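# Close look at the chain arrangement
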Amino acid sequence: ATGDMERVREYLEKMSGHLLEIRNKTYVTGNELLDIILSDTMSGVCGRDQVHVLGEFHCLEQLEEMDLCTIFYNLLSNAKEALEKIEEDRRYFTIEMIKGEKNFAVILRNPVSESVKMDRKGFPKTTKSEAEYHGLGLKNVAEAVEKNGGEMELLGKQREFTVRLYFPRKIPIQGNESR
């Protein structure tokens, strides 16, 4: 799978426009790719104590690596953009894994500077001037989630934005894994 990691690394570098420093992993989720994306997007925006990783993210291994990249690179880039508009002492980012017997959910939360208005399709309305270019990231995320049998739910409440991803489990629960 080393070739796969190389492809993924190239993809991420193309997406972020700069070389990803793989050795510089700040956050440990239990999924190497997610560690890289999380460390790359959040370092410089949030202090270490402002990023909360809750749970073990091993079951993300059932997603194709490119889909995992598409989903988390886009969602974390959006969160980073929102965080940059907020005073540093009010910034936080939470990514949480909740596992059930047949499904698992990944929940991402971050504060937003203003309430998020949703459009008819359940996507956030853009605050950007080039509206037609906006939202492509989330549409790509939605496609990658659906391709893996999952669902995505976006919630903008008060001053917090939440993304919930639900996936059916393909990898059986190991004996020692907590539910």
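Below is a short write-up of the structure.

Thresholds applied
Residues numbered from 1 in each chain as written. Predicted model: local features only at pLDDT ≥ 70, side-chain atom pairs only at ≥ 80, totals over all residues. Heavy atoms only, no water. Helix = DSSP H or I, 4+ residues; strand = E, 2+ residues; numbered from the N terminus. Buried < 20%, exposed > 50% of the residue type's maximum accessible area, 1.4 Å probe, protein only. Contact = heavy atoms within 4.5 Å. Areas by Shrake-Rupley, 256 points an atom, 1.4 Å probe, with all protein chains shown as cover. Pairing = 2+ DSSP bridges. Axes fitted to C-alpha atoms, helices over the stretch in contact; angles between N-to-C directions.

## Here's the deal with the overall build of the protein chain
- Per the secondary structure count, the protein chain includes four helices and five strands.
- Along the protein chain, helices and strands appear, N-terminal first, in the series α-α-β-α-β-β-α-β-β.
- When the 179 residues of the protein chain are sorted by exposure, 44% land in the buried category.
- At a minimum sequence separation of 6, the contacts of the protein chain that also span at least 24 residues come to 64%.
- As presented, the protein chain carries roughly 10200 Å² of accessible surface, and 47% of it is formed by carbon and sulfur atoms.

## Digging into unusual backbone geometry
- Residues other than glycine seldom take positive phi values, yet Gln158 does so here, at roughly 40 degrees.
- Position of Gln158 among the secondary structure elements: in the loop between β4 (151–157) and β5 (160–168).

## Section: the sheet that holds strand β1 (residues 51–54)
- Across the sheet, which stays open at both edges, the five strands sit in the order β1-β2-β3-β5-β4 with mixed pairing between neighbours. The open sheet terminates on both sides in strands that have one partner only, identified here as β1 and β4. Each adjacent strand pair in this sheet contributes to an overall mean axis angle of 10 degrees, direction not counted.
- As paired strands, strand β3 (residues 103–111) and β5 are joined by nine bridges and run antiparallel to one another. Looking across to β5, one finds that Leu108 is bridged to Val163.
- Packed on one face of the sheet, helix α2 (residues 32–42) meets β1 and β2 (93–99) and runs near 160 degrees to β2.

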